[in-house]
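A look at the structure
Residues per chain, in single letters:
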Amino acid sequence: MTDFSPLLNLIKTANHCVVLTGAGISTLSGIPDFRGKNGFYKRTDIDPNRIFDIDAFKEDPSYYYTHARDFIYNLDTKIPNIVHTELARLEARGRIKAVLTQNIDLLHQKAGSRRVLELHGSPALHHCLRCGATMRFDEIVRILDDGRIPDCPKCHGIMKPDIVFFGEPLPEKTLEEAQEEAWQADLMLVLGSSLTVYPAAALPGITVRQGGKLVIINADPTPYDRYATWKGVDLGEAFNAIASELH
């Protein structure tokens, strides 16, 4: 049986704890991850790289909208799990200063987290690539439910979600804020991330270089495991322990 007391003590004694989350935390909410054994990149019925490629999207947005329907535009049906809710509780109690997330599923906000830096953007808003007009997530869902591909209601241009596609830079201000949080952190919790996608994967290195500690909880090994003060593999077990023991 795993001894979670070192993990709990690290969180209790931290002065500036920040969290970096990846797709692995949302599998508990029924959302497939990207690089796990049953992940998005293991699918053979679609080309994942084409779906999130900005040039391919501009050429044919229907491919994205058709194939993203069942894993992005059903997010309104997904419910935060114990990881999301406990992170929100810890933030409310002042134990966590910020959540830096690679996820685009909106579950941190739904759970009540207030300072969430979305490194890879969000589908909450969509912008027209021609005129800049915006549409909300729920408006896009209604259009897709009608069997149509969204276009701009003003100029009929392409509506793109505010998700960072391959070929696009991360939002500069968000990345700068995340780097600053990583620099200030004396403890970073890395949860459900393979730490292979940059520049987000470089954030733990910032914390380590300035003397902070790392906790990594991920089902598979990561390149930063050797730097971790505490390493776990089961997010559900770890956060059940946090929920019952850390007040």
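So, a few notes on the structure that sits alongside this text.

Calculation criteria
Residues numbered from 1 in each chain as written. Predicted model: local features only at pLDDT ≥ 70, side-chain atom pairs only at ≥ 80, totals over all residues. Heavy atoms only, no water. Helix = DSSP H or I, 4+ residues; strand = E, 2+ residues; numbered from the N terminus. Rg over C-alpha atoms; globule rule 2.2 N^0.38 Å. Buried < 20%, exposed > 50% of the residue type's maximum accessible area, 1.4 Å probe, protein only. Contact = heavy atoms within 4.5 Å. Areas by Shrake-Rupley, 256 points an atom, 1.4 Å probe, with all protein chains shown as cover. Salt bridge = Lys/Arg side-chain N within 4 Å of Asp/Glu carboxyl O. Core = buried A, V, L, I, M, F, W, Y, C linked by side-chain atoms within 4.5 Å. Arc of directions from axis to C-beta. Phe/Tyr/Trp six-rings, centres within 6.5 Å; stacked < 30°, edge-to-face > 60°. Pairing = 2+ DSSP bridges. Axes fitted to C-alpha atoms, helices over the stretch in contact; angles between N-to-C directions.

1. A look at the overall build of the protein
- The secondary structure content of the protein amounts to ten helices and nine strands.
- Taken against the 2.2 N^0.38 rule, which gives 18 Å for 247 residues, the C-alpha radius of gyration of the protein at 19 Å falls within 12% of a compact globule.
- A principal-axis box enclosing the C-alpha atoms of the protein has dimensions of 55 × 35 × 30 Å.
- Put simply, the protein has 247 residues, and 51% of those count as buried.
- Counted over contacts in the protein with a minimum sequence separation of 6, partners at least 24 positions apart contribute 68%.
- As displayed, the protein offers around 11700 Å² of accessible surface, 50% of which is attributable to carbon and sulfur atoms.

2. Quick look at the pattern of salt bridges
- In total, this model carries eleven salt bridges according to the counting rule given.
- Where E177 meets R115, a salt bridge forms, and the shortest distance between an N and an O atom there is 3.7 Å. One end of the pair, E177, is in helix α8 (residues 172-184); the other, R115, is in the loop between α6 (107-111) and β3 (116-118), with 62 residues separating them in the sequence.
- The class of R115 is partly exposed, set by a relative accessible area of 31%.
- A cluster of three or more residues bridged by salt bridges with shared partners is formed by R115, K173, E177 and E181.

3. Some words on the nonpolar core
- Ranked by internal contacts, the top residues of the largest apolar core, which has 28 residues, are F52, Y64, Y65, I72, Y73 and F165.
- It is helix α7 (residues 137-145) that contributes the most residues to this core, five residues altogether.
- Among all residues touching F165, those that are not within four sequence positions of it are I51, F52, D53, I54, F57, Y64 and K160.
- Among the nonpolar cores identified, the runner-up in size contains 26 residues, and F4, I96, V99 and I217 belong to it.

4. Section: helix α1 (residues 5-13)
- Taken together, the buried positions of α1 are occupied by L7, L8, L10 and I11. One face of α1 carries all of its buried residues, which in axial projection span an arc of 160°.
- If you follow the buried residues of α1, they end up packed against β7 (187-191), β8 (213-217), β9 (228-232) and α10 (235-245).

5. What to know about the packing of aromatic side chains
- For the structure on display, the rule yields 13 aromatic pairs.
- Ring centres of Y64 and F165 lie 5.5 Å apart, and the angle between their planes is 50°; this geometry places the pair in the tilted category. Within this pair, whereas Y64 is found in helix α4 (residues 61-68), its partner F165 is found in the loop between β6 (159-163) and α8, the two being separated by 101 residues in sequence. Take Y64 and F165: they sit in the same class, and that class is buried.

6. Brief notes about the environment of G167
- Assignment of secondary structure puts G167 in the loop between β6 and α8.
- The exposure class assigned to G167 is exposed, which follows from its relative accessible area of 74%.

7. Notes on the sheet that holds β9
- Read from one edge of the open sheet, six strands run β3-β2-β1-β7-β8-β9, paired in parallel fashion. One side of each edge strand has no neighbouring strand; the edge strands of this open sheet are β3 and β9. Across this sheet, the average inter-strand angle for adjacent strands is 15°, counted without regard to direction.
- Here five bridges tie β7 to β8, and the two strands are oriented parallel to one another. Bridge pairing in β8 places L187 opposite K213.

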